[in-house]
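Remarks on the overall topology
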Amino acid sequence: MRMFGSHLSIAGGLHNAILAAEKLGFDTVQVFTKNQQQWKCRPLEPPAIQRWRAECRRVGFKRTVSHDSYLINLASPDPAVWRRSIALFVEELRRCATLRIPYLVTHPGAHMGSGEETGLKRVADALDLVHQQVPADGVVTCLEITAGQGTSLGYRLEHLARIIELVRQPRRLAVCLDTAHLFAAGYDFRGRKYGRFIRHVEAVVGLGRVKVLHLNDSKKDLGSRVDRHEHIGRGRIGLDGFRPFVRDKTWAAVPRILETPKAKAPDGRDWDEVNLEVLRGLE
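Let me sum up the structure you'll find in this document. (Residues numbered from 1 in each chain as written. Predicted model: local features only at pLDDT ≥ 70, side-chain atom pairs only at ≥ 80, totals over all residues. Heavy atoms only, no water.)

1. Considering the pairing of strand β4 (residues 103-106)
- Residues Tyr103 and Val105 point to one face of β4 and Leu104 and Thr106 to the other, with burial holding for every one of them.
- Pairing geometry for strand β3 (residues 65-67) and β4, over three bridges, is parallel. By the bridge assignment for β4, histidine 67 is matched with valine 105.
- For the crossover that starts at β3, traverses helix α3 (residues 79-99) and ends in the parallel β4, the hand is right-handed.
- As judged from the four bridges shared by β4 and strand β5 (residues 140-144), these two strands associate in the parallel manner. Bridging across to β5, tyrosine 103 finds its partner in valine 140.
- In this region the chain leaves β4, passes through helix α4 (residues 116-133) and returns to the parallel neighbour β5; the handedness of that crossover is right-handed. (Buried < 20%, exposed > 50% of the residue type's maximum accessible area, 1.4 Å probe, protein only. Helix = DSSP H or I, 4+ residues; strand = E, 2+ residues; numbered from the N terminus. Pairing = 2+ DSSP bridges. Right-handed = clockwise from strand over helix to strand, strands pointing away.)

Take a look at the structure:
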């Protein structure tokens, strides 16, 4: 089973992301279900919901993915920002449930100087409050590994494990591994180092807990703690870093999502199409 996808635009309607994914030859898609730069959002209208569901059924997309708003900071020490983030995250989960999107990816947040352990506890407390308001209805929150810029949490797998340990309903949480973020955070999985890396993932969070992969090359060096995505094989990671993620049967049914820059390649094709061709060439 192939499960390659990309983060695509919902401009003009949510369903347009599915149509674009189909045209590009993907097997799934990742979207924002709202304008990710705004706190407020319009309710999902029934026609939009029905069209999204219908297009998913038509093309056979079952393991779709949403990414929450970058405004959300569940680790914030500012009570107002924390409460606002909780409210928006509740909305994000409800929208996923309505659209039958099974995975919601989120960055753990930034502690803003309050300290990592305090920030991780703040995230867990926030998720507990969210879970009180939103029933377990098939949507899993995927905590994403981060590059570790500034005071961002989640740049160590242990951070994600700690949040899962602290929440009251750990079964509602999973993990998203982003190759560019992992690399920037100091994890080297290229070539023969992949086996050791995977054993570490298994030991810290468990391979079965990884429900989404983001496949992005990195413009920055190993351990740089800087998040800059590059096209597959054209960055510091290189093809040796993606070959094992493509060939490892562990990920056969896991959505593998591209978040590489959107533009036209030199040959006139969409970069998404080029990157997908490169990944499939590694199979």
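2. Quick look at the packing of aromatic side chains
- Per the stated rule, a full pass over the model turns up nine aromatic pairs.
- Centre to centre, the rings of phenylalanine 32 and tyrosine 70 are 5.8 Å apart; their planes meet at 85°, and the pair counts as edge-to-face. A residue pair is termed long-range when its members are at least 10 positions apart, and phenylalanine 32 in the loop between β2 (28-31) and α2 (46-59) and tyrosine 70 in the loop between β3 and α3 qualify at 38 residues.
- Given the relative accessible area of 46%, tyrosine 70 is considered partly exposed.
- With 6.5 Å between their ring centres and 70° between their planes, phenylalanine 183 and phenylalanine 189 make a pair best called edge-to-face. Each of the two residues, phenylalanine 183 as well as phenylalanine 189, counts as buried.
- Taken together, Phe183, Tyr187, Phe189, Tyr194, Phe197, Phe245 and Trp251 form an aromatic cluster joined through their ring pairs.
- A cation over a ring is seen here: arginine 225 above tyrosine 155, with NZ or CZ 4.0 Å from the ring centre. (Phe/Tyr/Trp six-rings, centres within 6.5 Å; stacked < 30°, edge-to-face > 60°. Lys NZ or Arg CZ within 6 Å of the ring centre and 35° of its normal.)

3. Some details on unusual backbone geometry
- Although it is not a glycine, methionine 112 adopts a positive phi angle of roughly 55°.
- By the element assignment, methionine 112 lies in the loop between β4 and α4.
- Although it is not a glycine, arginine 225 sits at a positive phi angle of roughly 60°.
- Within the fold, arginine 225 resides in the loop between β8 (217-218) and β9 (229-230).
- When its relative accessible area of 31% is taken as the criterion, arginine 225 is described as partly exposed.

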